[in-house]
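Chains, contacts and geometry: an overview
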Amino acid sequence: MREGGILWFRNDLRLTDNEALCESVWQSNRIYPVYVFDERIFSGKSAFGLRKIDTPRAKFILDAVTDLRNRLRDRGSDLIIRIGKSEEEVYNIAKRLKTRNVFCNRERTYEEVLIQDALEEKLWSIGQELRYTRGKMLYYTADLPFPVTHSPDSFNAFRREVEKFTSLRPPLTIPDLPPFDNANIDKGELPALSRFEMSEVNLNADCFNGGESRGLEIVENLKNDASSVNVGQDSLYSGTQLSPWLSHGCLSPKTIYFELSGNKNFNNSSKEKHPLYYQLLWRDYHRLICKKYGNAIFCAEGIKPKDVSQSQYQADVCKSWVQGETDSSLVNAIMSELKNTGFINDLARRISASYLVHVLKQPWLYGASYYEQMLIDYDPCSNYGNWMEIAGVGAENKESKFILSSDFDSKYDRDESYRSRWLKNVRV
Ligand SMILES: Cc1cc2nc3c(=O)[nH]c(=O)nc-3n(C[C@H](O)[C@H](O)[C@H](O)COP(=O)(O)OP(=O)(O)OC[C@H]3O[C@@H](n4cnc5c(N)ncnc54)[C@H](O)[C@@H]3O)c2cc1C
């Protein structure tokens, strides 16, 4: 018998290729989409006293939730919005509306797992179920030629096995949604940033407007101008800047790949891969490593421990890095871009991370926490995974993938254009 269901949106703020959405529609006669601004994230602090989330990402999420609500309303549905603890808010709605199931995309990292486990237990107490779906990765774990616990530690081995044996599934289309049954429930209002003690600022507004609608527009633009997909180059200007939309699930990796590769490469026999394929594969790799090693990714020793005793936390040294007051003008410019926009490209991330760990000799966990606070595209697996690799305690067990040469400032910014742009633009 099909009964009422709650569709709990988490880091999957989209309608296209959303397995939880499809499942909820197939298995329920009425659905109540819900998003909770979890106060532990929006107002919380990490071990170093840094905020878990700062204005750039909070604004992006607000935009994305607004867009999601509009897209649901365009289809006769709606979005219930709450602020509080996710497990309590979703449980209260489930109890009130006497639904049967709560559908959500399963998360795999520590804090997110605690929340979903707590909700599951609460739902059991009222005879309801938490139904998990998947959809974060380019590939489905179930389609991989190895179990997660045997996922290769080396990216190259992982890539070879996946390319050889695994086919990609095409993205799911948006199903027809049942009309929203008002059921006398308060739908809730979007919070202002001031609710979380953040101020409204104009952060690169054109570039980083959160939401599926803007994400699909960017993909369309990239499709029409293939030359703009310049990835994997040793440049401070390369990259598609799609990561914020990927991290918050405004776009799925399958949709991006399907659209940009012209729907050609959906089986493993295809020889030619779109350049974005390998970038998206890095993302899958980090997620699998995270699943395989669990909470080790959040510990100083990392996955393959080495002696980190040289890294003694010094608050003033870390502060000079954050404030862009180091001896390297390039690192200072990178930190200024990060503070002003909430985004830096891959090369910039590597340079500033390597500088903190290998030149300033500070704990990589501090850097990872600062990136967590500032990055619009923060994703626990990609962030902590890449930081571990830089610090040499990651799954690949290499000393460091990126060592800074003595003249790296001029090597990566020969004409000084990057530094002249960002060193003038420090937000106070
Ligand atoms: C220290 C450090 C911290 C990082 N933290 C994050 C993070 O919190 N969130 C995040 O999404 N990425 C993170 N990355 C990976 C990478 O830097 C960003 O994904 C990339 O810069 C985003 O820009 P883009 O969308 O233009 O990338 P593109 O080059 O256009 O690549 C397309 C997509 O592929 C994925 N991708 C590419 N490279 C990587 C990689 N090395 N690891 C994982 N995914 C990758 C991203 O989803 C990206 O959007 C980090 C890298 C480093 C070195």
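Residues numbered from 1 in each chain as written. Predicted model: local features only at pLDDT ≥ 70, side-chain atom pairs only at ≥ 80, totals over all residues. Heavy atoms only, no water.

Considering unusual backbone geometry
Keep this limit in mind: Comment: elements are numbered from the N terminus, with helices defined as DSSP H or I runs of at least four residues and strands as E runs of at least two. We call a residue buried when its accessible area falls under 20% of the maximum for its residue type, exposed when it is over 50%, and partly exposed in between, using a 1.4 Å probe and counting protein chains only.
Phi is positive for Lys-98, close to 50 degrees, though the residue is something other than glycine. Mapped onto the fold, Lys-98 is located in the loop between α4 (86–97) and β4 (101–105). A relative accessible area of 67% places Lys-98 in the exposed class. Although it is not a glycine, Lys-361 sits at a positive phi angle of roughly 55 degrees. Position of Lys-361 among the secondary structure elements: in the loop between α13 (346–359) and α14 (364–374).

With respect to the packing of α13 against α14
Here is the rule: For helices, the fitted line uses only the C-alpha atoms of the stretch in contact; every axis is such a line through C-alpha atoms, and the angle between N-to-C directions lies from 0 to 180 degrees. Definitions for this section: a left-handed crossing has its near helix turned counterclockwise from the far helix by less than a right angle. A right-handed crossing has that turn clockwise. Note on contacts: a residue pair qualifies if any of its non-hydrogen atoms lie within 4.5 Å across the two residues. Nonpolar residues are Ala, Val, Leu, Ile, Met, Phe, Trp, Tyr, Cys and Pro. Charged residues are Asp, Glu, Lys and Arg, and all others, Gly as well, are polar.
Closest axis-to-axis distance for the α13/α14 pair is 9 Å, and the angle between their directions is 145 degrees. α14 is crossed by α13, and the crossing has right-handed handedness. Within the contact between the two elements, α13 uses Ala-348, Arg-349, Ser-352, Ala-353, Leu-356 and Val-357 and α14 uses Trp-364, Tyr-366, Gly-367 and Tyr-371. Taken together, the residues that form the contact of α13 with α14 break down as seven nonpolar, two polar and one charged.

A few points about the environment of Val-219
Here Val-219 shows up in helix α7 (residues 212–224). The contacts of Val-219, once residues within four sequence positions are left out, are Leu-242, Leu-251, Ile-256, Glu-259 and Leu-260.

Points about the packing of α4 against helix α5 (residues 110–124)
Counted only if it meets this: Here roughly perpendicular refers to angles of 65 to 115 degrees, roughly parallel to angles under 35, roughly antiparallel to angles over 145, and oblique to all remaining angles.
Look at α4 against α5: their axes get within 9 Å of each other, and the N-to-C directions meet at 30 degrees. The pairing of α4 with α5 is recorded here as roughly parallel in orientation. The crossing of α4 and α5 is right-handed. Between α4 and α5, the contacting residues are Ser-86, Glu-87, Glu-88, Val-90, Tyr-91 and Ala-94 on the first element and Ile-115, Ala-118, Leu-119, Lys-122 and Leu-123 on the second. By residue class, the composition of the contact of α4 with α5 is seven nonpolar, one polar and three charged.

A look at empty space enclosed by the protein
So the rule is basically this: Grid points spaced at 1 Å and placed over the protein atoms alone form the basis of the search, with a cavity being a set where a 1.4 Å probe fits but cannot get out and a pocket an open set showing protein on both sides within 12 Å along at least five of seven lines. Lining residues have an atom within 4 Å of a point. Grid points are joined across faces, edges and corners, and a volume is the space filled by probe spheres set on the points. An automatic or database domain assignment provides the domain bounds reported here.
With the rule as written, the count across this model stands at five cavities of 30 Å³ or more. One number sums up the size of the largest cavity: a volume of about 140 Å³. Residue composition of the lining of the largest cavity, by class: three nonpolar, four polar and six charged. The residues that make up the lining of the largest cavity include at least three from each of domain 1 (1–135) and domain 2 (136–170 + 212–295). There is about 70 Å³ of room inside the second largest cavity. Among the residues making up the lining of the second largest cavity, the classes are represented as three nonpolar, five polar and four charged. Per-domain counts for the lining of the second largest cavity show at least three residues from each of domain 1 (1–135) and domain 2 (136–170 + 212–295).

Regarding the sheet that holds strand β1 (residues 3–9)
Rules: One requirement defines pairing of two strands: DSSP has to find at least two bridges between them.
Read across the sheet, five strands follow the order β3-β2-β1-β4-β5 without closing on themselves; strand pairing throughout is parallel. At either end of the open sheet lies a strand with only one pairing partner, and these are β3 (80–84) and β5 (129–133). Each strand of the sheet is rotated relative to its neighbour by a mean of 30 degrees, with strand direction disregarded. Set on the sheet, α5 makes contact with β1, β2 (28–38), β4 and β5; between it and β5 the angle comes to about 145 degrees.

Brief notes about the site of the ligand
Just so we agree on the cut-off: We define proximity as follows: a residue is near a molecule or strand when any one of its heavy atoms falls within 4 Å of that partner. Between N or O atoms, a polar contact is any pair within 3.5 Å; within protein, one atom must be a potential hydrogen donor and the other a potential acceptor, and residues adjacent in sequence are included only when both atoms are from side chains. Residue exposure ignores everything except the shown protein chains as possible cover, and the areas themselves are Shrake-Rupley values with a 1.4 Å probe. Criterion for pocket placement: a molecule counts as inside a cavity or pocket if more than half of its atoms are within 2 Å of its grid points.
The environment of the ligand is formed by 28 residues, the closest being Thr-240, Gln-241, Ser-243, Asp-346 and Asp-377. Within the backbone of Ser-243, one N or O atom sits 3.0 Å away from an oxygen atom of the ligand. Between Asn-383 and the ligand, the recorded distance is 3.3 Å, taken from a side-chain N or O atom to a nitrogen atom. Compared with its free state, where it exposes 810 Å², the ligand has 98% of that area covered by protein. A molecule is said to occupy a pocket when more than half its atoms come within 2 Å of that pocket's grid points, and by this definition the ligand occupies the largest pocket. Residue assignment for the shell around the ligand shows that the elements contributing at least two residues are α8 (243–247), α10 (276–293), α13 and α15 (380–391). Broken down by element, the residue count for the shell around the ligand peaks at six residues, all from α10. Its residues assigned to classes, the shell around the ligand shows 11 nonpolar, 11 polar and six charged. Taken domain by domain, the shell around the ligand gets at least three of its residues from each of domain 2 (136–170 + 212–295) and domain 3 (299–423).

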